[in-house]
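Structural overview for review
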Amino acid sequence: MKHDFDPNKAVIPIAYPRLLLDLMVERGFSRQQVLHGSQLDELVFDKPEQRLTPAQFLFLILNCFYLSKDPALGYEMGLRTPVTSHGFLGYGVMSCANLEEAIKLAERFVRLRTVLMSFKLSIEGDFAIVEASANYPVGLLRQFVFESLLLSLARAGSFITGNGMNSGEIHFDFPEPSYYQAHKDKLPPIFFNKASNQLRFPKAFLKQPLIMADPVAAKLAAEQCERELALMDISDDIPSQVRAMLNHQQGEYPQLEQVAERLFMSSRTLKRRLQQAGLGFQQLLDEARKRDAIKLLQNTSLTVEQIALRLGYTDPANFTRAFKKWTGDTPSKYRS
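Here is what the cut-offs are and how they apply
- Residues numbered from 1 in each chain as written.
- Predicted model: local features only at pLDDT ≥ 70, side-chain atom pairs only at ≥ 80, totals over all residues.
- Heavy atoms only, no water.
- Helix = DSSP H or I, 4+ residues; strand = E, 2+ residues; numbered from the N terminus.
- Contact = heavy atoms within 4.5 Å.
- Pairing = 2+ DSSP bridges.
- Axes fitted to C-alpha atoms, helices over the stretch in contact; angles between N-to-C directions.
- Patch = residues over 30% accessible without salt bridge, like charges linked within 9 Å, V, L, I, M, F, W, Y side chains within 5 Å.
- Areas by Shrake-Rupley, 256 points an atom, 1.4 Å probe, with all protein chains shown as cover.
- Salt bridge = Lys/Arg side-chain N within 4 Å of Asp/Glu carboxyl O.
- Buried < 20%, exposed > 50% of the residue type's maximum accessible area, 1.4 Å probe, protein only.
- Parallel < 35°, antiparallel > 145°, perpendicular 65-115°, else oblique.
- Left-handed = near helix turned anticlockwise from the far one by under 90°.
- Nonpolar A, V, L, I, M, F, W, Y, C, P; charged D, E, K, R; others polar.
- 1 Å grid on protein atoms, 1.4 Å probe; cavity = no way out; pocket = protein on both sides within 12 Å on 5 of 7 lines; lining within 4 Å.
- Points joined across faces, edges and corners; volume = space filled by probe spheres on them.
- Phe/Tyr/Trp six-rings, centres within 6.5 Å; stacked < 30°, edge-to-face > 60°.
- Lys NZ or Arg CZ within 6 Å of the ring centre and 35° of its normal.
- Lys, Arg positive; Asp, Glu negative; His and termini not counted.
- Charge placed at Lys NZ, Arg CZ, Asp CG, Glu CD.

Here we come to the environment of Val-110. Mapped onto the secondary structure, Val-110 falls in the loop between α6 (99-109) and β3 (117-124). Residues in contact with Val-110, not counting those within four places in the same chain, are Leu-89, Met-117, Ser-118 and Phe-119.

Another aspect to go through is the sheet that holds strand β6 (residues 190-191). As summarised here, the arrangement of the five strands in space is β3-β4-β7-β5-β6, forming an open sheet in which the pairing is mixed. Because the sheet does not close on itself, it has two edges, and the strands there are β3 and β6. Of the strand pairs in this sheet, strand β5 (residues 169-171) and strand β7 (residues 197-202) are connected by three bridges, and their pairing is antiparallel. In the strand pairing of β7, His-171 is matched with Gln-198. Where α6 meets the sheet, its contacts fall on β3, β4 (127-134) and β7, and the angle it forms with β3 comes to roughly 150 degrees.

So, about a nonpolar patch on the surface. On the surface, a cluster of nonpolar side chains totalling about 290 Å² of accessible area is made up of Phe-159, Ile-211 and Met-212. Checked against the element boundaries, Ile-211 lands in the loop between β7 and α9 (215-233). Residue Ile-211 is classed as exposed on the basis of its relative accessible area of 56%.

The next point concerns the packing of helix α5 (residues 87-95) against α6. In contact at an axis separation of 8 Å, α5 and α6 are set at 160 degrees when each is read in the N-to-C sense. By the angle between their directions, the pair α5 and α6 is classed as roughly antiparallel. Like other packed secondary-structure pairs, α5 and α6 cross with a definite hand, here right-handed. Packed against α5, whose contacting residues are Leu-89, Gly-92 and Val-93, the element α6 presents Ala-102, Leu-105, Ala-106 and Phe-109 at the interface. A class-by-class count of the residues in the contact of α5 with α6 yields six nonpolar, one polar and no charged.

With the rule as written, the count across this model stands at one cavity of 30 Å³ or more. Along its surface, the largest cavity is lined by 47 residues, and His-86, Ser-148, Leu-149, Ser-152 and Leu-153 are the ones closest to its centre. Of all elements in the fold, only α3 (54-68), α5, α6, β3, α7 (142-161), β5 and β7 reach the threshold of two or more residues within the lining of the largest cavity. Broken down by element, the residue count for the lining of the largest cavity peaks at 12 residues, all from α7. Here the lining of the largest cavity is composed, by residue class, of 31 nonpolar, 13 polar and three charged.

With that out of the way, let us pick up the pairing of β3. As a general feature of sheets, a regular strand has side chains that alternate between the two faces. Pairing between β3 and β4: eight bridges, direction antiparallel. Along β4, the bridge assignment pairs Leu-121 with Val-130. In sequence, β3 turns back onto β4 through a hairpin of two residues, with Gly-125 there showing a positive phi of about 65 degrees.

Below, the discussion takes up the packing of aromatic side chains. Inspection of every chain in the model, using the stated rule, returns 11 aromatic pairs. Summarising the aromatic geometry, the rings of Phe-65 and Phe-144 are spaced 5.7 Å apart at their centres and angled 80 degrees between planes, so their arrangement reads as edge-to-face. Here Phe-144 lies in helix α7 and Phe-65 lies in helix α3, a separation of 79 residues in the sequence. For the pair Phe-323 and Trp-326, a centre-to-centre distance of 6.3 Å together with 70 degrees between the ring planes defines the contact as edge-to-face. One end of the pair is Phe-323 and the other is Trp-326, both in helix α15 (residues 316-327) and three residues apart, which spans about a single turn. Taking the relative accessible area as the measure of exposure, Phe-323 reaches 0% and is therefore buried. Here a set of aromatic residues connected by ring pairs shows up, and it is made of Tyr-313, Phe-319, Phe-323, Trp-326 and Tyr-334. In this structure, Lys-69 is placed above the aromatic ring of Tyr-66, and the distance from its NZ or CZ to the ring centre is 4.5 Å. Its guanidinium or amino end placed over the ring of Phe-127, Arg-200 lies 5.1 Å from that ring's centre, counting from NZ or CZ.

Further remarks concern the pairing of β4. Inspection of the sheet shows β4 paired to β7 by six bridges, in the antiparallel sense. Bridge pairing in β7 links Phe-127 to Pro-202.

On the surface, Arg-268, Lys-271, Arg-272 and Arg-273 cluster together into a patch of positive charge. Following the sequence through the fold, Arg-273 ends up in helix α12 (residues 267-276). Owing to a relative accessible area of 31%, Arg-273 belongs among the partly exposed residues under this scheme.

What follows is the structure, given as structure tokens:
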């Protein structure tokens, strides 16, 4: 589903701008130099949940080109992007049973990581092809975007399969740049002036079991990606976003302050936005606990005491009282 492009909507995960910032710092530039003119505070790069707008990220890339005078930054960015920088999508890809499953997962959720690009998997003879397409024009940075994307995909594929990067090849639809020859020894085989931008590799790799395959982890990561995608699709519906975030993890739900930070607003603003919808944070938290309590009572053999603890109640009696208020029954009666 393609959405209208808003260059001022914060949708770019901070992991990618931070990689670029770290690369420039390693080359001797200060953070202040790299961020000059962007109106970005250094502290945003230390917050894993932070996102930048496409306009901010593209401005940052242009600044890096201007400072470094290095036209091969796209190569460096792609080669340095670890699978883990892709968040839950990266962990899901690593945990899939085989490469085909991993690519389809990435194809399904790529919008979580970039709104600028998309890709699709196809078969041509003995080759599997991942073809990348630009969803929106990015002007002078088009070459950088394709170089960094396809090289990061090649690096990820090599990492999760154990196959060398040279076992595949990359096609670009633009002419060979002047800087290619100086970098070709550390790149997979690359062909220029092709019809489209592609990563190509033997189709036999698709069924190859992945090194870190873990079906449980893959399922959990996919569920988290579904929640993140729902948040993107309801970005103007604050109550729905809060509901999507209220998922218990290790016996805890995120607090008001944590939810507000993830939504890039103050606690006071979040309270006000919820009040405008006739809701309160505690009301939504109770909704989440009721939802999860019913799910655990119906689908697990956990005791009432264990469920109470998992939902954050230190005293099972408090859980029983709350559950009876929600449903009219005690947890035990509801289960039976």
